[in-house]
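Summary of structural features
One-letter residues, chain by chain:
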Amino acid sequence: MRFRGRCWKFGDYIPTDQIVPSHLVYRPMTEIVRHVLVNVNPEFPERVQPGDIVVAGKHFGQSSGRAIAAKAIQATGVACVVAESFARTFYRNAFEIGLAILECPGISEAVREGDILDVELETGWVRNESTGRVLRGKPTPPFLLEMLRAGGLIPFAPRLLGEGGKA
Amino acid sequence: MTLVEKILARASGRTRVEPGEVVVADVDLILLHDLSGYLTARVFEEKVRLPLRYPERVVMVFDHHFSPPTEEGARLLEENRAFARRYGIRLFDCGHGNLHNVAVWAGLVRPGMVVVGSDSHTPVHGALGCFAAALGNDAHAALGFPYGKAWFRVPHTVRIELEGTSGPGVTPRDVALWLAATIGEGGAIYKALEFDGPYLRQLGFWDRWLFPLITVDVGAKCGYIEPDEVTETFLRSVLQEPYEVVRGDPDREYEAVWRYEVSGLDPQVACPPTVGNVKPVKEVAGVPIQWAELGGHGGCRIEDIRLAARILAGRRKHPHVKLNIVPSSRAVFTQALREGLVEILHEAGATWFPPSAGSNQAINMGAMAAGETMVSTHSRNFPGRNGSPQAKMYLASALTVAASAVAGCIADPREFL
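Just so you know, these numbers come straight off a predicted model, no measurement behind them.

So, how was this worked out
Residues numbered from 1 in each chain as written. Chains lettered and ligands numbered in written order. Predicted model: local features only at pLDDT ≥ 70, side-chain atom pairs only at ≥ 80, totals over all residues. Helix = DSSP H or I, 4+ residues; strand = E, 2+ residues; numbered from the N terminus. Rg over C-alpha atoms; globule rule 2.2 N^0.38 Å. Buried ≥ 20, exposed ≤ 12 C-beta atoms within 10 Å, placed from the backbone. Contact = placed C-beta atoms within 7 Å. Pairing = 2+ DSSP bridges. Axes fitted to C-alpha atoms, helices over the stretch in contact; angles between N-to-C directions. Left-handed = near helix turned anticlockwise from the far one by under 90°. Nonpolar A, V, L, I, M, F, W, Y, C, P; charged D, E, K, R; others polar. Domains from an automatic or database assignment. Core = buried A, V, L, I, M, F, W, Y, C linked by C-beta atoms within 7 Å. Right-handed = clockwise from strand over helix to strand, strands pointing away. Parallel < 35°, antiparallel > 145°, perpendicular 65-115°, else oblique.

The next subject is the overall build of chain B. A tally of regular secondary structure across chain B gives 13 helices and 18 strands. For 417 residues, the compact-globule estimate of 2.2 N^0.38 gives 22 Å, and the C-alpha radius of gyration of chain B, at 21 Å, lies within 12% of that figure. The proportion of buried residues among the 417 residues of chain B is 60%. Within chain B, counting contacts between residues at least 6 apart in sequence, those at least 24 apart form 77% of the total.

As structure tokens, this is what we get:
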């Protein structure tokens, strides 16, 4: 799975509380989507375009494990999130809801806001087209790729269980 | 195999599993609170639309609300109640306490279980010798509710040995805060953490509880303590039915063994903006506070109330400080009543709140305006979690919270003992 898009850059340790403020999590997604990451970068929810790529630092999506954080990023049309590392709850939620993400140590210092990135999940390659720099992220495990291609865990569940509980 | 590998092997119908393998396991218990329960129910009913297979394995506890302050909150709880009735799920309504404490006191968690939940502190049940992990709403909706299952990648196990003796005024929570920061946020990604060592073994059950609690902060999949006599004595106090204890094999293999010496530690405070920003109390002493709270998933156990009473007996809170006491369960409140602690804290100027998750996420209480500051026994201090992103949350032991409430600013509890 390959994604090419313009990058929005965020720092380290962004909690889910800042991806979707707590008091909004029960509101309709049409309302939530207007506040995604707003306290970190007020321009983001206003100006993000479908196909854009979010680049973040360490342990992205820590704090509460609510899937709504990943769903809200997905709802903005962001194609892919690339981070130094992810909180495990966010990492799992992303694949389960069908949001493409890639762990890529070194990404923070290799991109600037607005750079055009070319990301491939299978191999983990990230190419910064604006600078020509290439990084090797962590290749995505085949099991998670399969879930992602299926569109998330809900559509993937029958296949997962159909194989006798062996994935 | 380690305890976690043995539990996952049994739950997935295998004789053994290896770290890194993906397994589909039977789930024994799904724990949901009023917030995660609502979101999970919506995904299940809107997108999955299958019968809920094992309602007896699903438990919902209303803990972020004890009495909804808005119509929106009231409606959310009503929808949850209807969902619980529709599928025959056991519900603990407002006022029972916070999710994890309620489940343990009700005897629902037993050693060797696979326990899952959306709350990110679900791994705390490793304190009873379970494999306990936090999964998202879609995991429960897609596999947990309709099939009683969940998928896992078997984690590598790291053994953590805590050695030494803590000094006066330094509580197990200080050690746990320090340990989280020392391992680092994201410092143990996807590991299973086996907590052990002489320091840990001499602690009581509820003090041990604070260690699996931090696994989410360091990015681990789960944390656990191999059951011993302390665990079993506690279990017998809440459980009538027989249970089977699972322990790791004597020849179990770890990816690593990390040793920590706790002697000589000062009381610790996790400062905003993250749980890994932990400093000795002397480096933050003097920061003015307006709020102090005993509460949270790891907070306001009877141990915390006793610690606070040691400082507050015969003293008054500072006039500018609001001191909230939010028992983690009704059992804890009963015990506090019996020991006379309710009166001691009340006379010191504290306000008692209903058993609940307290100010966690500021759903029913605990919102702060820009510029306000709280010190608490909660588990989270991220900006925006308690009202304004410009408000500040410091996390500390019950002793430090009580001392700070008296001083009107963050204070070293050793000056009050």
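Residues and elements named next belong to chain B. The sheet built from 4 strands is open, its strands ordered S10-S9-S8-S11 with parallel pairing. If you trace the sheet from one side to the other, it starts and ends with strand S10 (222-224) and strand S11 (256-261), each paired once. Strand-to-strand twist in this sheet, taken as the mean axis angle between neighbours without regard to direction, amounts to 20 degrees. Judged from the 3 bridges that link them, strand S9 (residues 191-196) and S10 form a sheet pairing that is parallel. Along S10, the bridge assignment pairs Glu194 with Tyr224.

Residues and elements named next belong to chain B. Relative to the helices and strands, Glu226 resides in the loop between S10 and helix H9 (229-238). When the C-alpha positions of Glu226 and Cys130 are compared, they lie 8.9 Å apart, and in sequence the two are 96 residues distant. Every residue in contact with Glu226, bar those within four places of it in the chain, is listed here: Leu3, Gly129, Asp196, Arg247 and Gly248.

The next point concerns the packing of helix H10 (residues 302-312) of chain B against helix H13 (residues 398-407) of chain B. Residue and element names in this part refer to chain B. Close contact between H10 and H13 brings their axes to 8 Å; oriented N to C, the two are set at 35 degrees. Between H10 and H13 the crossing geometry is right-handed. Within the contact between the two elements, H10 uses Asp304, Leu307, Ala308, Ile311 and Leu312 and H13 uses Ala398, Leu399, Val401, Ala402, Ala403 and Val406. For the contact of H10 with H13, the per-class residue count stands at 10 nonpolar, no polar and 1 charged.

This part covers the interface of chain B and chain A. Counting from both sides, the interface comprises 39 residues of chain B and, opposite them, 35 residues of chain A. At the level of elements, strand S1 (22-26), helix H2 (34-48), helix H3 (71-87) and helix H5 (137-147) of chain B are the ones that each hand at least two residues to the side of chain B that touches chain A. Per-element accounting of the side of chain B that touches chain A gives the leading share, 7 residues, to H5(B).

Below, the discussion takes up unusual backbone geometry. All names here are of chain B. Pro273 follows Pro272 through a cis peptide bond whose omega is 10 degrees. Here Pro273 is to be found in the loop between strand S12 (268-270) and strand S13 (278-280). Phi is positive for Arg49, close to 55 degrees, though the residue is something other than glycine. Among the secondary structure elements, Arg49 is positioned in the loop between H2 and strand S3 (58-61). Phi at Gln361 is positive, roughly 65 degrees, even though this residue is not glycine. In this fold, Gln361 is placed in the loop between strand S16 (351-352) and strand S17 (373-376).

So, about the sheet that holds strand S5 (residues 114-117) of chain B. Residue and element names in this part refer to chain B. If you trace the 5 strands from one edge of the open sheet to the other, you get S4-S3-S2-S5-S6, paired in parallel fashion. If you trace the sheet from one side to the other, it starts and ends with strand S4 (90-92) and strand S6 (131-134), each paired once. Going from strand to strand, the sheet's axes swing by 20 degrees on average, the running direction of each strand aside. In this sheet, S6 lies alongside S5 in parallel orientation, the contact comprising 4 bridges. Opposite Val116, over in S6, you have Ala133 as the bridge partner.

Let's shift gears to the domain arrangement of chain B. All names here are of chain B. Per the domain assignment, the segments making up chain B are domain 1 (3-241 + 251-260) and domain 2 (269-415). A straight line from the C-alpha centre of domain 1 to that of domain 2 covers 24 Å. Counting from both sides, the interface comprises 33 residues of domain 1 and, opposite them, 30 residues of domain 2. Among the elements of the structure, helix H4 (99-105), helix H6 (172-183) and helix H8 (205-208) are those that each provide at least two residues to the side of domain 1 that touches domain 2. A per-element tally of the side of domain 1 that touches domain 2 places H6 first, with 6 residues. Partitioned by chemical class, the residues of the side of domain 1 that touches domain 2 number 14 nonpolar, 13 polar and 6 charged.

In this structure, A:Val82 and B:Ala308 are the most contacted members of the largest nonpolar core, which totals 199 residues. Among all residues touching B:Ala308, those that are not within four sequence positions of it are B:Leu294, B:Leu345, B:Ala398, B:Val401 and B:Ala402.

Quick look at helix H4 (residues 67-75) of chain A now. Residues and elements named next belong to chain A. With respect to burial, H4 is a largely interior element, 8 of its 9 residues being buried. Within the span of H4, buried status applies to Ala67, Ile68, Ala69, Ala70, Lys71, Ala72, Ile73 and Gln74. Following H4 by one or two positions, Gly77 has its phi on the positive side, about 95 degrees.

Turning our attention to the pairing of strand S2 (residues 53-56) of chain A. All names here are of chain A. Side chains of S2 alternate between two faces, with Ile53 and Val55 and Val54 and Ala56 buried alike. Note that strand S1 (residues 2-9) and S2 share 3 bridges and pair parallel. When the sheet's bridge partners are listed, Lys9 is paired in S2 with Val55. The β-α-β motif built from S2, the intervening H4 and the parallel element strand S3 (residues 80-83) has right-handed crossover chirality.

With that settled, consider the environment of B:Arg90. Within the fold, B:Arg90 resides in strand S4. Counting along the chain gives 275 residues from B:Arg90 to B:Met365, while the straight-line C-alpha distance between them is 25 Å.

Residues and elements named next belong to chain A. Contact geometry of H4 with helix H5 (residues 88-97) gives a least axis separation of 9 Å together with a crossing angle of 55 degrees. Between H4 and H5, the crossing angle belongs to the class labelled oblique. Pair H4 / H5 crosses with right-handed handedness. Residues Ala67, Ala69, Ala70, Lys71 and Gln74 of H4 touch H5, and the partners they reach there are Phe90, Asn93, Ala94, Glu96 and Ile97. For the contact of H4 with H5, a count of residues per class yields 6 nonpolar, 2 polar and 2 charged.

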